[in-house]
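An overview of the molecular structure
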Amino acid sequence: MAEGIWNHVAQGVFQRRYNPLDITVGAVLGVHGVTIIDTRNNAPEAQEIIDDATAQFGLPIVAVINTHAHYDHTFGNQLFAQRGIPIYGHHRIPAHFEQFEKPRLEMVQRSPELEPEMNWDGVRLTPPSHLVAEPCTENLGGREVELIPLDAGHTDTDLAIHIPDAKVWFLGDIIEQSGPPMFGSGAYPLGWPGVLKSLLARIQPGDVIVPGHGEPVDREFVVQQMHCFELLATTLGSAHENGAAIKDIAFPAALQELWPADFLLEAAKDAYAQLPGSQKDPRKRDE
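Right, let's get into the packing of aromatic side chains. One pass over the structure, following the stated rule, counts ten aromatic pairs. Feature note: the residues F183, W192, F229 and W259 constitute an aromatic cluster, connected by ring pairs.

Listed below in structure tokens is the structure:
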């Protein structure tokens, strides 16, 4: 599937992959307008979405949905908000912004040389205007879109987006295709497999799943990735129970095939911090 163009996923549903970071942006067409899914890294990148969507579809943008709180999916929110476009997202995004995105944004704005590629000078954190705490169906531009807040997995702000009449799911970074799923910045590796299991109870054979990065996948792809998360959770839980230091965890080959060593280390730090008996300072266990 080509990057840099709007790829047709299903009737009235499109995906466009943008660099940097191979971010997926979704477009759901209704008779009255377009709903955009995720807003990228800053205002210029968000403006590119607006320009590309307007040129392609010739319809007004009537809504935005954030799949989760991370910067590469939300830092363009401000541009849409300035235009009075409603933004939907998980109800925990404001709290997640305060804990994770705000400190990093302020650090980079003070010292832009730390991450010059981010171009965050003009970014203002803009949480969704419509916070979603329970599953709901919204009529957006004349198209029904189901919004499903998920339990903590990739973050505690993950929102599944289902377009029922097209049999399409946008899952953000709960599923990754162009690279391995990432941890850190509020990840819950022990809860992640349960989130995928709950989604698989809803996802039907033949449904199309659009990940936060990469090409659309099918239900079987999600099943296989869930099995990897189950193995990861079992490995981390057993290591913690046996008193293993993070640096001494022996990860099965199947996990090493999917995740680089530094990713597995980050997953272990996240998990150890969340397991019972780790309240003092679990991250010191890797020292």
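Let us now look at the side chain of D52. Topologically, D52 is positioned in helix α1 (residues 43-57). Classification of D52 as buried rests on a relative accessible area of 19%. The contacts of D52, once residues within four sequence positions are left out, are W6, R16 and Y18.

Overall, the coordinates contain eleven salt bridges when judged by the stated rule. The shortest N-O distance in the salt bridge between D52 and R16 comes to 3.5 Å. One end of the pair, D52, is in helix α1; the other, R16, is in strand β2 (residues 13-18), with 36 residues separating them in the sequence. The buried category is assigned to R16, whose relative accessible area is 12%. Connected through shared salt-bridge partners, R17, D22 and E215 make up one network.

On to helix α8 (residues 261-274). Counted at 1.5 Å a residue, the expected span for α8 with its 14 residues is 20 Å, and the 20 Å between its end C-alpha atoms agrees. Three or more residues of α8 are buried, namely F263, L264, A267, A268, D270, A271 and Y272. The elements touched by buried residues of α8 are α6 (219-241) and α7 (253-258).

Moving on to the packing of helix α5 (residues 192-200) against α6. At a minimum axis separation of 8 Å, α5 and α6 run at an interaxial angle of 155°. Comparing their axes, α6 and α5 come out roughly antiparallel. Like other packed secondary-structure pairs, α5 and α6 cross with a definite hand, here left-handed. Every residue of α6 that contacts α5 at W192, P193, L196, K197 and L200 is listed here: R219, V222, V223, Q225, M226, F229, E230 and A233. Residues that form the contact of α5 with α6 fall into these classes: nine nonpolar, one polar and three charged.

What follows deals with the sheet that holds β2. With mixed pairing, seven strands are arranged side by side in an open sheet as β1-β2-β3-β4-β5-β6-β7. Strand pairing shows two members of the sheet lacking a second neighbour, β1 (7-10) and β7 (130-132), which therefore form its edges. Sheet twist, expressed as the mean angle between neighbouring strand axes with direction ignored, is 25°. Examined bridge by bridge, strand β6 (residues 87-90) and β7 share three bridges and lie parallel to one another. By the bridge assignment, Y88 is partnered in β7 with H130. Of the strands in this sheet, β2, β3 (23-29), β4 (34-37) and β5 (61-65) touch α1, which is tilted by about 140° from β2.

Attention now goes to the pairing of strand β10 (residues 159-163). Burial runs high along β10: five of the five residues are buried. Residues L159, I161 and I163 point to one face of β10 and A160 and H162 to the other, with burial holding for every one of them. Inspection of the sheet shows strand β9 (residues 143-149) paired to β10 by four bridges, in the antiparallel sense. The residue of β10 that forms the bridge with L147 is I161. Two elements, β10 and strand β11 (residues 168-172), share three bridges in a ladder whose sense is antiparallel. Bridge pairing links I161 to F170 in β11. Counting the residues that bridge the hairpin from β10 to β11 gives four residues, and of these K167 lies at a positive phi of roughly 55°.

Let us now look at unusual backbone geometry. In the segment running from N19 into P20, the intervening peptide bond is cis, with an omega of 5°. Relative to the helices and strands, P20 resides in the loop between β2 and β3. The phi dihedral of D38 falls on the positive side, at around 75°, and the residue is not glycine. Inspection of the secondary structure assignment puts D38 in the loop between β4 and α1. One non-glycine residue, K167, adopts positive backbone phi at about 55°. Mapped onto the elements of the fold, K167 is located in the loop between β10 and β11. Exposure remark for K167: the relative accessible area of 51% places this residue in the exposed category.

The rules behind these values
Residues numbered from 1 in each chain as written. Predicted model: local features only at pLDDT ≥ 70, side-chain atom pairs only at ≥ 80, totals over all residues. Heavy atoms only, no water. Phe/Tyr/Trp six-rings, centres within 6.5 Å; stacked < 30°, edge-to-face > 60°. Helix = DSSP H or I, 4+ residues; strand = E, 2+ residues; numbered from the N terminus. Buried < 20%, exposed > 50% of the residue type's maximum accessible area, 1.4 Å probe, protein only. Contact = heavy atoms within 4.5 Å. Salt bridge = Lys/Arg side-chain N within 4 Å of Asp/Glu carboxyl O. Expected span 1.5 Å × (residues − 1). Axes fitted to C-alpha atoms, helices over the stretch in contact; angles between N-to-C directions. Parallel < 35°, antiparallel > 145°, perpendicular 65-115°, else oblique. Left-handed = near helix turned anticlockwise from the far one by under 90°. Nonpolar A, V, L, I, M, F, W, Y, C, P; charged D, E, K, R; others polar. Pairing = 2+ DSSP bridges.

This is a description of form; function is not addressed.
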